Amino acid sequence: MKLNPIIEVARKDMLSFFRSKSTLFWTLTFPLLMMLLFSSMFGGRGAMFTIAVVDQDGGNVSKAFLEDLNSTNVTRLVWFSSESDAKEYVMDGRADALLIVPRGFSDNLTSGLTAELRFYTSEDPQVRTAVTNMLNGFVDAFSEEYRARALAILEEYMPPEIPAGGRNLSRDIVISFLRSFGKPVRIRIASITKPELTSETAAYWKEEGHWITVMLAYTLIFSGMVGAASLLAYEKLLGTVKRLIASPASRWSLLAGKLLGGLAILTLSQLILVLLTILWLRPELNWTPLIIPVVIAGDLASLGLGLLVVELSPNPKAASEAVTTVGIMIQFVSGLYFPLSFLPDPLRAVAEIIPFTWAVKALDGLLVMGKGLESVAAPVISLASALFPRWAEVE
Amino acid sequence: MIALEVEGLTKMYGEVRALDFISFHVNEGEIFGLLGPNGSGKTTLMEIIAGVRAPTSGSVKVFGLDALREREKVSRLIGFNPQETMLYGDLSGWENLRFVASLYGMDDREFRRRVEELSEILGTKGFLDKRVSKLSGGQRRRISLMASVLHSPHLLILDEPTVGLDPEARRDFWEVIWGLRDEGSTILLSTHYMEEADELCDRVAIMDKGRIVTLGEPEELKRRYGGTAKVIVYPRLRLIGEAERALRVMSLKLTRMGDGLAVDTEEPEELVPVLITSLSSRGLEPERIEIRSPTLEDVFLNLTGRPLAEVME
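What counts and how
- Residues numbered from 1 in each chain as written.
- Chains lettered and ligands numbered in written order.
- Predicted model: local features only at pLDDT ≥ 70, side-chain atom pairs only at ≥ 80, totals over all residues.
- Heavy atoms only, no water.
- Pairing = 2+ DSSP bridges.
- Helix = DSSP H or I, 4+ residues; strand = E, 2+ residues; numbered from the N terminus.
- Contact = heavy atoms within 4.5 Å.
- Axes fitted to C-alpha atoms, helices over the stretch in contact; angles between N-to-C directions.
- Buried area = accessible area lost by both parts, 1.4 Å probe.
- Salt bridge = Lys/Arg side-chain N within 4 Å of Asp/Glu carboxyl O.
- Polar contact = N/O pair within 3.5 Å; in protein donor to acceptor, adjacent residues only side chain to side chain.
- Nonpolar A, V, L, I, M, F, W, Y, C, P; charged D, E, K, R; others polar.
- Phe/Tyr/Trp six-rings, centres within 6.5 Å; stacked < 30°, edge-to-face > 60°.
- Buried < 20%, exposed > 50% of the residue type's maximum accessible area, 1.4 Å probe, protein only.
- Lys NZ or Arg CZ within 6 Å of the ring centre and 35° of its normal.

### What to know about the sheet that holds strand β1 (residues 2–13) of chain B
All names here are of chain B.
- Strand order in the open sheet formed by four strands is β2-β1-β4-β5, with antiparallel pairing between adjacent strands. Each end of this open sheet is capped by a strand with a single partner; those strands are β2 (16–27) and β5 (65–66).
- Here strand β4 (residues 57–62) pairs with β5 via two bridges, running antiparallel. Within β5, the position partnered with K61 by the bridge is D66.
- Here helix α1 (residues 42–50) sits on the sheet and contacts β1, β2 and β4; the angle it forms with β1, its principal contact strand, is near 120°.

### Digging into the interface of chain B and chain A
- Between chain B and chain A, the contact holds 37 residues from the first and 27 residues from the second.
- Where chain B abuts chain A, roughly 2,800 Å² becomes buried across the two surfaces, and 58% of that area is made up of carbon and sulfur atoms.
- Interface area lost by chain B to chain A is led by B:M86, B:Y88 and B:L103, which between them contribute 24%.
- Connecting chain B to chain A are three salt bridges.
- Across the pair B:E47 and A:K242 runs a salt bridge whose closest N-O atoms are separated by 2.6 Å.
- If you look at where chain B meets chain A, you find eight residue pairs in polar contact (both at pLDDT 80 or more).
- Listing elements by their share of the side of chain B that touches chain A, those giving two or more residues are α1, α2 (71–77), β6 (78–81), α3 (93–103), α4 (108–122) and α5 (137–149) of chain B.
- Of the residues that constitute the side of chain B that touches chain A, the class distribution is 16 nonpolar, ten polar and eleven charged.

### A word on the packing of aromatic side chains
- One pass over the full model with this rule turns up twelve aromatic pairs over all chains.
- Geometrically, the ring pair formed by A:F65 and A:F105 is tilted, given 5.8 Å between the ring centres and 55° between the ring planes. One end of the pair, A:F65, is in helix α3 (residues 60–70); the other, A:F105, is in helix α5 (residues 105–110), with 40 residues separating them in the sequence.
- Among the residues examined, A:F65 registers a relative accessible area of 1% and is labelled buried.
- Ring geometry for A:F65 versus A:F138: centroids 5.2 Å apart, planes at 65°, classification edge-to-face. Of this pair, A:F65 sits in helix α3 while A:F138 sits in helix α6 (residues 125–157); the two residues are 73 residues apart in sequence, bridging distant segments of the chain. For the residue pair A:F65 and A:F138, the accessibility class agrees, reading buried in each case.
- Grouped by ring-pair contacts, the aromatic residues A:F25, A:F30, A:Y218 and A:F222 constitute a single cluster.
- Here the guanidinium or amino end of A:K12 rests over the ring plane of B:F99, the centre of that ring lying 5.0 Å away.
- Sitting over the face of the ring of B:Y234, B:R288 holds its NZ or CZ atom 3.8 Å from the ring centroid.

Right, here's the structure in full:
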């Protein structure tokens, strides 16, 4: 059987890639380390606050209240029967706060009286502010929900006409009037975060789904663009490219082989990184087949850009240095680690013409935000347009 | 039959003329040497013939085919081994060879047969399965050469094939080159080792500054441009001054050459006994005497006015 140059070029590039320890570190291990570091610093699915709880009431409403609080994913509750044990637990630094539900909490609420909670926090001002804000937010939300249910019950049993001040008021007017009293400021539980996490950046890092985008885009930049350029530059430095050119194999078949090898390397890198990220972070993702065209267009564009850099560089060393520098810069302006809104206007304008920015937008749109075709069409066109003129130039 | 015909080949790099209207031909079955210092244009010339670079003007024909217009056909006839070993360090020798075989469209069976055959000739059997990065310079050169001749080229182009090898390894390599010639290849090689060109080549072209200074069989060039033979007398060191004075009295053309005194002569065999008798009669018996025939180095010196060693620095 004839040995096929396209297959053999691809095979050779893959062997070189997977046998180079430094290449494997920078393309596979490094992004995983970044993901592990940042996700453990800023995100993850674990609770943010540990709260010691003493339920002295033990009634149905207090149980419901604590169950709701525990289900927010913002808190981890640790139950104690003794107040002194719970205080000691907080003082040891093992919990951020102590919440005591006093006897009579459920009865007071069901009787229409005010119910009280006792709350102690650690002395750390940041923790105190954060955990107090969190609890206030939760209590507001719980109170509003409770008031809404009470009004619903009232509405059900209230007669249509209610005498007041010598005239009759309709039930609807009375209910609207009562609602106006109880219009709380709604605080969303999901938005309660530690103070240093309220920034948009941290939210970006905390979003586990975005890490899949980061892994895919990182491979586009470094396994794709930088990898393809480095492999070709390496061939030029090594002199092996002379053997390729001196051979009867056509330039197109060599290019096709390089492309095939690059695609295989990229796909394998992407699979490894995405699978490990999923296993580690278990993000909630909106999987859709539309991801495939985005990834393939991104792969081809990144390989094309990498080969172009080498073709246009005065020498292989310059090419290798240029593409690495560009790769490092691109990862910071293409929306991988920071939202584009963080960038100053001129830099944002640059970011908008970088194909990788479009890849990040499309992948986040599909995977994280659950958008459809509308988030794919523009990026795919942009990525494809980044690719085709360059192939022509390379040839 | 003429294997290679180069006509009026010129290569400009901007304002720099790397090759200046080069013309020569190589006969089939010949080992033809390009001899010259670094920067004389040998590598550029070979890369143009191999199709790696395009010339500014001129033509190259390989077995009658225009190398510039019929590149694919010509590249099947040529095996090119540049100065770099051109191997991928992360791959084994065998994997490198398989890759090269695919570039020439060889089939798997033919590839295995040829590897078996060439590893016998080149002595590579013991290390073909090792990663190239772990091999010595000599072993890499052998595999690189093997890659260049895998597809049985009719014209083999070797750019400085023995540079960096120790003298023993270099001699082994010459054996390999002769073996390949016996296999039917025509060989164009470049070197800056004069003794290598002398020993290995049927004909040589001496290049300097992008031009061919002269071309011919080594013996013929030495005869025409090498000057006369030298008898080198080595007296005891402390007596070298006295010996020099004694020889000058004999009206000989004399130059100091290291620790010796070199006498130019057309008839060295006749001169030696005369010198021994003359020096001995004055109590200046020489420690040893050498007869040195003209070398290609002398040819280069006489034609360019510069010693090759000086140009190489």
